[in-house]
Amino acid sequence: IIDGKIVGVIGDGSTYGDLVYYKDVLQGYLLAAEKENAVGEAFNISCDKPSTHLEVIQAMIGESGSNSRIIKMNKHAARFFLNVISFLRLTDLPRYQFDYLFNHNVYSVDKAKRLLGYKPTKSAAESAVELLKGYIQDRDFVKARSENY
């Protein structure tokens with residue numbers, strides 16, 4: 001996106017996903033550490049406004065001022081392609097993570113809201129934008145430290 005390259009989305013981009021803002025994660029952890037009713041409980045700490053993959057990509061392109069174009073990829077062709085590049089070891093992405101591209105991944109934060117008072121501040125798309133802004137800010141530092149950037 002930063003370099004203005006084409007960005008692919010699988011299907012029509014309507015698959016929903018959660019992405020959580022790091023400050024929301026910290027809020028959740030701190031609340032869980034402070035509340036006695038959290039002992040022995042498990043909580044989903046995530047956004048409470050999931051976004052479609054298309055919404056996430058559009059938000060990141062908009063925020064960065066990128067000239068990237070979005071192409072919509074056929075789901076069957078995309079799955080085949082991912083399996084081929086995995087077989088050829090052209091990606092480090094584990095196969096089980098491919099499913100995140102094809103299936104909705106949304107987590108309820110209702111329990112964390114009710115028992116902890118958790119209040120997420122960013123939607124999934126807004127969290128992606130914040131992640132991108134942080135990456136842009138630190139990009140040169142990361143490049144300088146990485147042999148394989």
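Caption draft 1: Quick look at the environment of E130. Take E130: it is sitting in helix α6 (residues 124–145). For E130, a relative accessible area of 24% gives the class partly exposed. Those residues in contact with E130 that sit more than four places away from it in its chain are Y21 and K122. At 3.1 Å, the side chain of E130 forms a polar contact with the side chain of K133.

Caption draft 2: Structural detail: helix α1 (residues 22–34). Here α1 spans 18 Å end to end across 13 residues, near enough to the 18 Å set by a 1.5 Å rise per residue. For α1, the complete set of buried residues consists of D24, V25, G28 and L31. Down the axis of α1, the buried side of the element spans an arc of 130°, and every buried residue falls inside it. Exposed residues lying more than 90 degrees from the buried face of α1 are Y22, Y29, L30, A33 and E34. Its buried side turned inward, α1 meets α5 (110–116).

Caption draft 3: Representation of a nonpolar patch on the surface within the structure. A cluster of nonpolar side chains, contributed by F80, V84, F87, L88 and L90, occupies part of the molecular surface with about 570 Å² of accessible area. Note on placement: L88 falls in the loop between α3 (75–87) and α4 (99–102). A relative accessible area of 49% places L88 in the partly exposed class.

Caption draft 4: Fine view of the packing of aromatic side chains. Scanning the model with the defined rule gives one aromatic pair in all. With centroids separated by 5.1 Å and ring planes inclined at 65°, the aromatic side chains of Y21 and Y22 adopt a geometry described as edge-to-face. Of the residues examined, Y21 reaches a relative accessible area of 11% and is grouped as buried. We note R79 situated over the ring of F102; from NZ or CZ to the ring centre the distance is 3.9 Å. Directly above the aromatic system of F43 lies the positively charged group of K111, at a separation of 5.3 Å from the ring centroid.

What counts, and at which threshold
Residues numbered from 1 in each chain as written. Predicted model: local features only at pLDDT ≥ 70, side-chain atom pairs only at ≥ 80, totals over all residues. Heavy atoms only, no water. Helix = DSSP H or I, 4+ residues; strand = E, 2+ residues; numbered from the N terminus. Buried < 20%, exposed > 50% of the residue type's maximum accessible area, 1.4 Å probe, protein only. Contact = heavy atoms within 4.5 Å. Polar contact = N/O pair within 3.5 Å; in protein donor to acceptor, adjacent residues only side chain to side chain. Expected span 1.5 Å × (residues − 1). Arc of directions from axis to C-beta. Patch = residues over 30% accessible without salt bridge, like charges linked within 9 Å, V, L, I, M, F, W, Y side chains within 5 Å. Areas by Shrake-Rupley, 256 points an atom, 1.4 Å probe, with all protein chains shown as cover. Salt bridge = Lys/Arg side-chain N within 4 Å of Asp/Glu carboxyl O. Phe/Tyr/Trp six-rings, centres within 6.5 Å; stacked < 30°, edge-to-face > 60°. Lys NZ or Arg CZ within 6 Å of the ring centre and 35° of its normal.

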